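Now for the letters of each chain:
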Amino acid sequence: MKRQCQVCGQKNGSCNRYILKNGQEITICPSCLAFSNDETAKIARQAHKEGLLVKGDIKRQK
Ligand SMILES: [Zn+2]
C-alpha cells in the first residue's frame, strides 16, 4: 500500500510516517523530509530526531 506524502502529494512506497505527541500523523517522503522548507517537513524532522518514526503498519487506532 502506497502512502501519500503530505508535503509534495506524491505517492511513494517509501514514505515515512510519524505520529506526534499530540496524536497528529505526518506522512512524508524521504526527499521532502530532507530538503523541504515546508512547515510540515520541519515538524517531521523534529519528530525524526525524537524517534517518533512509525515502522511498518501500525494497528488501527480509533
Ligand atoms: Zn514528498
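Details of the structure are given in the entry above.
Because the structure is a prediction, the values reported are computed rather than measured.

A. Layout of the overall build of the protein chain. Along the backbone of the protein chain there are 2 helices and 5 strands. Counting helices and strands in the order they occur from the N terminus, the protein chain gives β-β-β-β-α-α-β. Split into buried and exposed, the 62 residues of the protein chain put 31% on the buried side.

B. Examining the coordination of the zinc ion more closely. Protein coordination of the zinc ion is provided by Cys5 (SG), Cys8 (SG), Cys29 (SG) and Cys32 (SG), with donor distances spanning 2.3 Å. Geometry at the zinc ion is tetrahedral, judged from its 4 donor atoms and the angles of 103 to 117° they form at the metal. Positions of the donor residues of the zinc ion along the chain correspond to the pattern C-x2-C-x20-C-x2-C. Looking at Cys8, the relative accessible area reads 38%, which means it is partly exposed.

C. Geometry of the pairing of strand β3 (residues 16-19). As paired elements, β3 and strand β4 (residues 25-28) share 4 bridges and run antiparallel to each other. Residue pairing for β4: Asn16 is matched across the bridge by Ile28. Hairpin connection of β3 to β4: 5 residues between the antiparallel strands, including Gly23 at a positive phi of 90°. When β3 meets strand β5 (residues 53-54), the two strands line up antiparallel, connected through 2 bridges.

Basis of the calculations
Throughout this description, residue numbers start from 1 for each chain and increase along the sequence as written. pLDDT decides what is reported in this predicted model: residues at 70 or higher carry local features, side-chain atom pairs at 80 or more are listed and counted, and totals for whole chains, interfaces and linings draw on all residues regardless. To obtain the side-chain values, all non-hydrogen atoms of the structure were included, while hydrogens and water were left out. Helix and strand assignments follow DSSP, with helices taken as H or I runs no shorter than four residues and strands as E runs no shorter than two, numbered in order from the N terminus. Exposure is judged per residue with a 1.4 Å probe applied to protein chains only, and the accessible area is read against the type maximum: over 50% gives exposed, under 20% gives buried, and values in between give partly exposed. Note that water is not among the atoms used; donors are N, O and S atoms within 2.8 Å of the metal (3.2 Å for Na, K and Ca), so sites may look incomplete. The rule is simple: four donors are tetrahedral if all their angles sit between 85 and 135 degrees, four are square planar and six octahedral if opposite donors span more than 155 degrees and the others lie between 65 and 115, and anything that fits none of that is irregular. Here a strand pair is declared whenever DSSP counts at least two bridges between the two strands.

These values are about where atoms sit, not about what they do.
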